[in-house]
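# Descriptive analysis of the structure
Chain by chain, the residues:
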Amino acid sequence: MPEQDPTATHADALAFLRERLERGNDCLREGNARGALVNYDSALMSFQISRHIVALRETYRALWTNKALAHQQLREMVKSQEAAMFASSLSPD
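The model shown is predicted, which means the values in this text are computed figures rather than measured ones.

### Focus: the packing of aromatic side chains
- Within the structure shown, the criterion is met by four aromatic pairs.
- With a centroid separation of 5.7 Å and 85° between ring planes, the pair formed by Phe 47 and Phe 86 is classed as edge-to-face. Here the residue Phe 47 occupies a position in helix H4 (residues 47-50), and Phe 86 occupies one in helix H6 (residues 77-89), the gap between them amounting to 39 residues.
- For Phe 47, a relative accessible area of 2% gives the class buried.
- Overall, Phe 86 belongs to the partly exposed group, its relative accessible area being 30%.
- Considering the side-chain rings of Trp 64 and Phe 86, the 4.3 Å spacing of their centres and the 20° angle between planes classify their relative orientation as stacked. With Trp 64 in helix H5 (residues 54-73) and Phe 86 in helix H6, this residue pair connects regions lying 22 residues apart in the sequence.
- According to the relative accessible area criterion, Trp 64 is buried, its value standing at 9%.

Calculation criteria
- Residues numbered from 1 in each chain as written.
- Predicted model: local features only at pLDDT ≥ 70, side-chain atom pairs only at ≥ 80, totals over all residues.
- Heavy atoms only, no water.
- Phe/Tyr/Trp six-rings, centres within 6.5 Å; stacked < 30°, edge-to-face > 60°.
- Helix = DSSP H or I, 4+ residues; strand = E, 2+ residues; numbered from the N terminus.
- Buried < 20%, exposed > 50% of the residue type's maximum accessible area, 1.4 Å probe, protein only.

Structure below.
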């Protein structure tokens, strides 16, 4: 039996995360940091369960990084720093 591509195994989750990332990024570009956070947070609700899935790691890192930027725009520095720490924890080894 051929080995299955891990990205294909998690394609639906990856598509959802990327869609929320894009929506959040659009809000951020429009100056709507709160709207961006809504989108990033909806994607990150699954983070605790699936953070160890390698195929999702890069997208999770982007979500956390951009969440940090949105909090920074809102001058929520503690929340920004916390999100940045999560992003850093997902950096390649």
